[in-house]
Amino acid sequence: MAAKDWNARLRWVHLGFGFCISIYFGAITFSGDARYWNDRPDITNFVATGVMAIVFWSGIIKWQLPRIVKWNRSRNSS
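Here's a quick rundown of the structure. Nothing here was measured: the structure is a model prediction, and the numbers come from that model.

1. Points about the overall build of the protein
Next, step 1: Each helix and strand in the protein was counted, giving 3 helices and 0 strands.
Next, step 2: Burial statistics for the protein: of 78 residues in total, 14% are counted as buried.
Next, step 3: Accessible area of the protein: about 6400 Å², with a carbon and sulfur share of 66%.

Structure (structure tokens):
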């Protein structure tokens, strides 16, 4: 049962941070005032490094790692 709780938490972490990225880049795209975003390189660096890293690694752990483990099991059993 504990594994299911971590799985759900990891899913929500991944989706939450991915939603933050969508909001951030959507605001840049649809605001029409690029100068506002260019004056804040610290926010852009935080989103580009911190948030993107969390989304990337949580996605790997949540969705790709189980597929790799399953593939290795089926490959080794043959």
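2. Things to note about the packing of aromatic side chains
The description of two aromatic rings rests on the distance between their centres and on the angle between their planes.
Next, step 1: Here the structure, examined in full by the defined rule, presents 2 aromatic pairs.
Next, step 2: Taken together, a centroid distance of 5.1 Å and an interplanar angle of 75 degrees make the contact between Tyr24 and Phe25 edge-to-face.
Next, step 3: Tyr24 gets classed as buried once you look at its relative accessible area, which sits at 7%.
Next, step 4: With a centroid separation of 5.0 Å and an interplanar angle of 85 degrees, the aromatic rings of Phe56 and Trp57 are classed as edge-to-face.
Next, step 5: Overall, Phe56 belongs to the partly exposed group, its relative accessible area being 47%.
Next, step 6: Judged by its relative accessible area of 51%, Trp57 is exposed.
Next, step 7: The residue whose ring lies beneath Arg9 is Trp6, and the NZ or CZ to ring-centre distance is 5.3 Å.
Next, step 8: Just above the ring of Trp12 sits the side chain of Arg11; from NZ or CZ to the centre is 5.2 Å.

3. Some remarks on the side chain of His14
Next, step 1: Along the polypeptide, His14 turns up in helix 1 (residues 2-31).
Next, step 2: Look at His14 and you get buried, because its relative accessible area is 15%.

Criteria and cut-off values
Residues numbered from 1 in each chain as written. Predicted model: local features only at pLDDT ≥ 70, side-chain atom pairs only at ≥ 80, totals over all residues. Heavy atoms only, no water. Helix = DSSP H or I, 4+ residues; strand = E, 2+ residues; numbered from the N terminus. Buried < 20%, exposed > 50% of the residue type's maximum accessible area, 1.4 Å probe, protein only. Areas by Shrake-Rupley, 256 points an atom, 1.4 Å probe, with all protein chains shown as cover. Phe/Tyr/Trp six-rings, centres within 6.5 Å; stacked < 30°, edge-to-face > 60°. Lys NZ or Arg CZ within 6 Å of the ring centre and 35° of its normal.

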